[in-house]
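# A structural walkthrough
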Amino acid sequence: MSTGAIAHIVGARPNFMKAAPVIRAIASLGLPQVLIHTGQHYDAGMSDVFFTELDLPSPDLNLGVGSGSHAAQTAALLVTLERAFLELKPRVVVVYGDVNSSLAAALVAVKLGIPIAHVEAGLRSFDMTMPEEANRRLTDVLSDLCFVTSPEAIGHLAREGVADERIHLVGNPMIDTLLANLDRLDPVRIGTELGVSGMYAVATLHRPSNVDSPEDAARLVQALTDLSGLIPVVLPLHPRGRPNLEAAKLVASDRLRVIEPLGYIDFLSLVRGAALVVTDSGGIQEETTILEVPCLTLRPNTERPITISHGTNRLIDPAGLVPAARAILEGSTILPAERPPLWDGRAGPRIAAILASELATMG
Ligand code: UD1
């Protein structure tokens, strides 16, 4: 494995679709790169399927860190990433999004004097009870290059003292992946495979604030059960939520289909054909914005307000789910006139070009 390369660090499901277009664009410039998978996510359905479908190269290293408490997982990430960076001596480390793997990689890199590029910098929910908010803020502070997906992120970074020359508005690599795969998204095929026809909703829920406490899980199960009275619901269930949602008497039925997590193409095919989506994911707020599918986000805040101002997203609480869904089904949704700026499928090449020119000036 070559030393002195650009090292991409991925670990959890939402990293894979962000890294794919950046890796492809860097490959087309002929720059040396390595892919390190931390193993934060390790199930075939949470990880392997994305490598196959998104044509990602196999990781050069898989650190096999796995699950644990935040402290245990982050500590294991720090130790194994330090070993990897000492061996590989990357010229720059590229981290994606707000997961524990990204913060750990940035922390190791800064101590070893390796420059850091953060893709999807500057997003803020201003809610420090979210583990991701701590990860975002700390990763940005440590990063030499902040690649920003949304204009308001520039202001957040500037207010936190990040110098202008470190901030680059490049568009959204997750949307690069979506646009590149649009022709493969077939709602009829997935509907037939899953036995879903007519109008349906898709739900995904995994945030600690929604599924970790029995009370929150019970509120959510009630809201989803009520929603399924209005419209059939398909719930591909992240492994994190399953035990608590089942303990809260999540009962699968013909109208509330509980299935295993889906791969990229199947999931977005299902979303494309849905009348509405209910989620607490960050990325799905963005993907529904581009697919123009109404999105109800079960959270009190979002680090992606552009999906509300320029997209289909709305924040709701569990009690508001059925009324909001009813309003959508009655046709009250109005799409904004403009999509978010630069969500045009070219973020990967923009990031690659900036990295190449920074590496050239580093000599
Ligand atoms: C992580 C990210 C979150 C992201 C989400 C996408 C952090 C802090 N959180 O949350 O931002 O939205 O990924 O999925 O990094 N598990 C499995 N198999 C797997 C992975 C996880 O069974 O392949 C189970 C384990 O019980 C594990 C739990 O899910 O303890 C949580 O996994 P973890 O990576 O800690 O956090 P996520 O909730 O997945």
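Here the structure is shown first, and the text comes after it.
Computed from a predicted model, the values in this text were never measured in an experiment.

## Overview of helix α15 (residues 321-329)
Inspection of α15 places L321, V322, A324, A325 and I328 among the buried residues, and these make up the whole buried set. The buried residues of α15 occupy an angular sector of 165° when the element is viewed end-on, so they sit on one face. Just downstream of α15, G331 is the residue with a positive phi angle, here 90°.

## Some details on the packing of aromatic side chains
According to the stated counting rule, one finds 2 aromatic pairs in the structure shown. Judged by centre distance (6.1 Å) and plane angle (35°), the ring pair of F16 and F50 falls under tilted. Taken together, the residues F16 in helix α1 (residues 13-29) and F50 in helix α2 (residues 44-53) connect sequence positions 34 residues apart. Take F16: its relative accessible area is 0%, and that puts it in the buried class. In this structure F50 comes out as buried when scored by relative accessible area, which is 2%. Cluster of aromatic residues (ring-pair linked, three or more members): F16, F50 and F51.

## Brief notes about the sheet that holds strand β7 (residues 167-169)
Judged by pairing direction, the sheet is parallel, and its 7 strands sit side by side in the order β3-β2-β1-β4-β5-β6-β7 without closing on themselves. With one partner strand each, in any of the chains shown, β3 (61-62) and β7 form the two edges of the open sheet. Sheet topology note: the strand β5 (residues 116-121)/strand β6 (residues 145-148) ladder contains 4 bridges and is parallel. Each bridged residue has a counterpart across the sheet, and for A121 the counterpart in β6 is V148. Strands β1 (6-10), β2 (33-37), β4 (92-96) and β5 of the sheet are contacted by α1, whose axis makes an angle of about 165° with β1. Helix α16 (residues 347-362) rests against β1, β4, β5, β6 and β7 of the sheet, and its axis sits at about 165° to β6.

Definitions and cut-offs
Residues numbered from 1 in each chain as written. Predicted model: local features only at pLDDT ≥ 70, side-chain atom pairs only at ≥ 80, totals over all residues. Heavy atoms only, no water. Buried < 20%, exposed > 50% of the residue type's maximum accessible area, 1.4 Å probe, protein only. Helix = DSSP H or I, 4+ residues; strand = E, 2+ residues; numbered from the N terminus. Arc of directions from axis to C-beta. Phe/Tyr/Trp six-rings, centres within 6.5 Å; stacked < 30°, edge-to-face > 60°. Pairing = 2+ DSSP bridges. Contact = heavy atoms within 4.5 Å. Axes fitted to C-alpha atoms, helices over the stretch in contact; angles between N-to-C directions.

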